[in-house]
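Observations on the three-dimensional arrangement
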Amino acid sequence: MEDIRKLIVGNWKMHGLKSALDEVDRLAELCSRGEPKADILICPPATLLSEMAKPCADAGFLVGGQTCHHKLKGAYTGEISAEMLKDAGATHVILGHSERRLYNGETNEQVKAKAEAAIEVGLIPIICIGETRMERDSGQAVAVVSQFLAGSIPDEIEDFVVSYEPLWAIGTGLVPSPGEIAEIHMAIRQRVGGDIPILYGGSVKPDNAERLLSIANVNGALVGGASLKADDFYGIIKAA
Ligand SMILES: O=C[C@H](O)COP(=O)(O)O
């Protein structure tokens, strides 16, 4: 467990025009000052993926998608297949992010089917799970997360990443206590085994990254807001 290399993921969500490529250049410059001790993955909007793949590869960063369709191809207007992400240079795809579960009604079954599509084309799925504030306050956090895990992860899967993201910590500046994070990550570890990276996401910033990344079974971070500016994102990468 201790030797799982840290993975720091920047989820740009629906942010970023072509001008955001400047942030990639800036991040590359910052990271060139020393060998990063973590893998760095940027998940931009799909419109930027192809264009970012080359500068990211040159800098040693990975790129990924933010979702994909569960079918490999077909008449699904507006959708993006796992194979298209792969073709654009992606190595990973974020699946079941709470914003997609909330605004697009994604269910565990759909997340599982998307993960199967991702695996089929050779993408590594990053499967997101997390509890609401109410579920935490009523003592159900571990049970809820376990339920998400059981429902979202394909049976035949070896290479994947889990990201624990309490919904109430996303974009709020609120973060669970180290003990609360450790408890959830241990429950996830017991279910997924020793080799699977488990990320923490939710208000990860340069000033709390070191503390969060030192918690047992926290193998990296899924970063939203603080991944949009290279200097902030680098602050988190440095902490890893
Ligand atoms: O995917 C990232 C998470 O939703 C966390 O977002 P945040 O760092 O803006 O809280």
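Residues numbered from 1 in each chain as written. Predicted model: local features only at pLDDT ≥ 70, side-chain atom pairs only at ≥ 80, totals over all residues.

With that settled, the discussion passes to the pairing of strand E7 (residues 198–201). Alternating residues of E7 divide into Ile 198 and Tyr 200 and Leu 199 and Gly 201, and every residue in both groups is buried. Inspection of the sheet shows strand E6 (residues 161–164) paired to E7 by 3 bridges, in the parallel sense. Pairing of Ser 163 across the sheet is with Leu 199, part of E7. On the question of chirality, the crossover connecting E6 to the parallel E7 by way of helix H8 (residues 178–192) is right-handed. Across 2 bridges, E7 lies against strand E8 (residues 220–223) in parallel orientation. Pairing of Gly 201 across the sheet is with Leu 222, part of E8. (Buried ≥ 20, exposed ≤ 12 C-beta atoms within 10 Å, placed from the backbone. Helix = DSSP H or I, 4+ residues; strand = E, 2+ residues; numbered from the N terminus. Pairing = 2+ DSSP bridges. Right-handed = clockwise from strand over helix to strand, strands pointing away.)

Attention shifts here to the UniProt feature "binding site: substrate" (unreviewed entry) in the protein. Under the UniProt annotation, the feature "binding site: substrate" (unreviewed entry) is placed at Asn 11, Trp 12, Lys 13, Gly 171, Ser 203, Gly 224 and Gly 225. Maximum C-alpha separation among the annotated residues is 14.1 Å over a sequence range of 215 residues, consistent with a single clustered spot. (UniProt positions renumbered as here; feature names shortened; annotations may be inferred.)

Time to look at the sheet that holds strand E3 (residues 62–65). Pairing between sheet strands relies on hydrogen bonds along the backbone, with the strands arranged either parallel or antiparallel. The sheet built from 8 strands closes into a barrel, its strands ordered E1-E2-E3-E4-E5-E6-E7-E8 with parallel pairing. Across the sheet, the mean angle separating the axes of adjacent strands is 25° when strand polarity is ignored. Relative to strand E4 (residues 92–95), E3 runs parallel, the two being bridged by 2 bridges. Counterpart to Gly 64 in the pairing with E4 is His 92. Contacts from helix H2 (residues 46–59) reach strand E2 (38–43) and E3 within the one sheet, and its direction differs from that of E3 by about 170°. Sheet strands in contact with H8 are E6 and E7, and its direction is about 155° off that of E6. (Axes fitted to C-alpha atoms, helices over the stretch in contact; angles between N-to-C directions. Contact = placed C-beta atoms within 7 Å.)

With that settled, consider the packing of helix H1 (residues 21–31) against H2. How two helices sit against one another is set out by the angle between their axes and by the gap between those axes. For the pair H1 and H2, the least separation of the axes is 10 Å and the interaxial angle reads 5°. The angle between H1 and H2 falls in the class roughly parallel. Contacts between H1 and H2 involve Leu 21, Val 24, Asp 25, Ala 28 and Cys 31 from the first element and Glu 51, Met 52, Pro 55, Cys 56 and Ala 59 from the second. Per-class residue counts for the contact of H1 with H2 are 8 nonpolar, no polar and 2 charged. (Parallel < 35°, antiparallel > 145°, perpendicular 65-115°, else oblique. Nonpolar A, V, L, I, M, F, W, Y, C, P; charged D, E, K, R; others polar.)

What follows is about the environment of Leu 41. Here Leu 41 shows up in strand E2. When the C-alpha positions of Leu 41 and Ser 152 are compared, they lie 22 Å apart, and in sequence the two are 111 residues distant. For Leu 41, the contacting residues outside a window of four places in its chain are Leu 7, Val 9, Phe 61, Leu 62, Gly 64 and His 92.

This next bit is on the nonpolar core. If you look at the biggest cluster of nonpolar residues, it comprises 67 residues, and the most contacted ones within it are Ile 8, Val 9, Val 93, Ile 127, Ala 221 and Ile 236. Residue contributions to this core peak at 6 residues, all from helix H10 (residues 230–239). Every residue in contact with Ala 221, bar those within four places of it in the chain, is listed here: Ile 8, Val 9, Leu 199, Tyr 200, Gly 201, Val 204, Ala 209, Leu 212, Leu 213 and Ile 236. (Core = buried A, V, L, I, M, F, W, Y, C linked by C-beta atoms within 7 Å.)

Attention now moves to the UniProt feature "active site" (unreviewed entry) in the protein. This chain's UniProt record puts "active site" (unreviewed entry) on His 97 and Glu 165. Annotated residues spanning 69 residues; largest pairwise C-alpha distance 8.4 Å, indicating a single compact cluster. Along the chain, His 97 turns up in the loop between E4 and helix H4 (98–103). For Glu 165, the position within the fold is in the loop between E6 and H8. The buried category is assigned to Glu 165, around which 25 C-beta atoms lie within 10 Å. In contact with Glu 165, not counting residues within four places along its chain, are Ser 98, Cys 128, Gly 130, Ile 170, Gly 201, Gly 202 and Leu 222.

Remark: helix H5 (residues 108–121) packs on helix H7 (residues 141–152), axes separated minimally by 7 Å, with the N-to-C direction vectors making an angle of 45°. Judged by the inter-axis angle, H5 sits oblique to H7. Only Phe 148, Gly 151 and Ser 152 of H7 make contact with H5, whose side of the interface consists of Asn 108, Glu 109, Val 111 and Lys 112. For the contact of H5 with H7, the residue count by class is 2 nonpolar, 3 polar and 2 charged.

Across the 6 residues of strand E1 (residues 6–11), 5 count as buried, placing the element largely inside the fold. For the segment spanning E1, H1 and E2, crossover handedness is right-handed.

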